[in-house]
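# Residue-level structural notes
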Amino acid sequence: MKVADRLSALPPYLFARIEQMIEELEKKNIDVISLGIGDPDLPTPPHIVQALIKHAQNPENHRYPSSAGLMDFRRAVTEWYQRRFQVELDPAAEVVTLIGSKEGIGHISFCYLQDGDIALIPDPGYPVYGIGAALAGAENYLLPLEEKNHFIPDLGSVPSDVARKARLMFLNYPNNPTGATCTRQFFEEAVEFARSYDIIICHDAAYSEITFNGYSAPSFLEAPGAKDVGIEFHSLSKTYNMTGWRLGWAAGNAELVKALTTIKSNLDSGAFQAIQYAGIAALEGSQNCVAEMVRIYQERRQIALQGLEDLGWNISLPQGSIYIWVPVPPRYSSAEFAELVLEKAAVVITPGTGYGKFGEGYFRISLTLPSERLKEALARMKEAFGTFF
Ligand SMILES: *Cc1c(COP(=O)(O)O)cnc(C)c1O
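Conventions used here
- Residues numbered from 1 in each chain as written.
- Predicted model: local features only at pLDDT ≥ 70, side-chain atom pairs only at ≥ 80, totals over all residues.
- Heavy atoms only, no water.
- Buried < 20%, exposed > 50% of the residue type's maximum accessible area, 1.4 Å probe, protein only.
- Helix = DSSP H or I, 4+ residues; strand = E, 2+ residues; numbered from the N terminus.
- Pairing = 2+ DSSP bridges.
- Patch = residues over 30% accessible without salt bridge, like charges linked within 9 Å, V, L, I, M, F, W, Y side chains within 5 Å.
- Areas by Shrake-Rupley, 256 points an atom, 1.4 Å probe, with all protein chains shown as cover.
- Salt bridge = Lys/Arg side-chain N within 4 Å of Asp/Glu carboxyl O.
- Lys, Arg positive; Asp, Glu negative; His and termini not counted.
- Charge placed at Lys NZ, Arg CZ, Asp CG, Glu CD.
- Domains from an automatic or database assignment.
- Contact = heavy atoms within 4.5 Å.
- Buried area = accessible area lost by both parts, 1.4 Å probe.
- Polar contact = N/O pair within 3.5 Å; in protein donor to acceptor, adjacent residues only side chain to side chain.

### Let's talk about the pairing of strand β12 (residues 362–366)
Of all five residues in β12, five are buried; the element is thus mostly enclosed. Residues Y362, R364 and S366 line one face of β12 and the alternating positions F363 and I365 line the opposite face, and both faces are buried. Of the pairings in the sheet, the one linking strand β9 (residues 323–327) to β12 comprises five bridges and is antiparallel in character. Paired with I324 across the bridge in β12 is I365. Strand direction decides the pairing type here: strand β11 (residues 350–351) and β12, joined by two bridges, are antiparallel. Of the residues in β12, the one forming a bridge with P351 is F363.

### Focus on a nonpolar patch on the surface
Judged by side-chain polarity, V3, L7 and L10 come together as a nonpolar surface patch covering roughly 220 Å² of accessible area. Assignment of secondary structure puts L7 in helix α1 (residues 5–8).

### Observations concerning a negative patch on the surface
A cluster of like negative charges, contributed by E19, E23, E24 and E26, occupies part of the molecular surface. With respect to the secondary-structure elements, E23 resides in helix α2 (residues 16–27). Assessed through its relative accessible area of 53%, E23 is described here as exposed.

### Examining the domain arrangement of the protein chain
Examined at the domain level, the protein chain breaks down into domain 1 (5–43 + 288–385) and domain 2 (46–284). For domain 1 and domain 2, the distance between their C-alpha centres works out to 26 Å. Facing 30 residues of domain 1, the contacting portion of domain 2 comprises 32 residues. Summed over both partners, the interface of domain 1 with domain 2 buries about 2,700 Å², with 64% contributed by carbon and sulfur atoms. Linking domain 1 to domain 2 there are zero salt bridges. Inspection of the domain 1/domain 2 interface yields twelve residue pairs in polar contact (both at pLDDT 80 or more). Of all elements in the fold, only α12 (288–310), β9 and β12 reach the threshold of two or more residues within the side of domain 1 that touches domain 2.

### A word on the pattern of salt bridges
Within the structure shown, the criterion is met by 19 salt bridges. The shortest N-O distance in the salt bridge between E372 and K375 comes to 3.5 Å. One end of the pair is E372 and the other is K375, both in helix α14 (residues 371–385) and three residues apart, which spans about a single turn. Note on E372: relative accessible area 56%, which makes it exposed. Between R380 and E376 there is a salt bridge whose closest N-O contact spans 3.0 Å. Taken as a pair, R380 and E376 lie in helix α14 at a separation of four residues, close to a single helical turn.

Shown next, in the form of structure tokens:
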């Protein structure tokens, strides 16, 4: 059956070759360690699970939820914003519950983009930004995230004819895959840019609570005027180890929230209410579970850093996310290097090109596995390669 052009135009799946290699190794009973998975291994904190159990037992929650989400959940979101960032939001008009933030990030493009429009897409980046925009008919104009700019896009380098045609821009700090963070000042600069060219900003804050060494990430909505030009996507997935639960939100500009709610009410029927009540327990309960999780990631970061140093890398770690973005040794492409490491050490790393063409020259490792396994992976690389530099 012939699929629609929009589907056949999707970029090829880049990890197919690696997945095939993994399968072959596993067939030979070789223990493959994956540093490729961006899915937390730690469990959801028990008080959140308990809240789900309690609210799942209430038949009122067995019916269709509203598309915009429970008012109690949206109020918990606004109170969280107030406590965490001193940002004021109206729960009725400026917040919408999402079935995971990926859902909203994908759908927002369908609200504002059509054929002939341009979307500004950070590269490397979370693939949904560019794919959502392309599925909605827009052309991606890539904003390279380069090490020399601390992985922050140079908005001044976007040609003005492109900026004038652009309708929407995605940003993401703390960043996946680079781990980079940005300042409140950059958000202010982005708001200015958006104002002068009439561009909608969609900021993805999935990793705002996973930062290190005392650094606390700002919200895009803290920038004066942010609410005039954009929204922020957020998710319970990474903060509370709830990737499988599917719960997030978008908050900010009321028109954008309304458009997103309209498209959602036509395509989905909202998030299970018991899960939204569990989300309330997460946002309103003690945040010690978050601090403990960050402590565990911090320990793994140190292990990874030490292991990479033993292999010859001399890198400094950025301050956010659950990833480390590492330059590949000279003479290899990202894909070649990932295949080599898999073949010789049975360790999966993600080639940077999986996140866009400006990811070439890098690979990503993820901290979502127990410290012992991470140590073992790095020891295997040491055993197989000695040092790379
Ligand atoms: C994991 C992740 C998300 C969260 O997605 P959910 O759909 O909420 O699980 C969003 N953005 C980025 C960059 C991510 O890495």
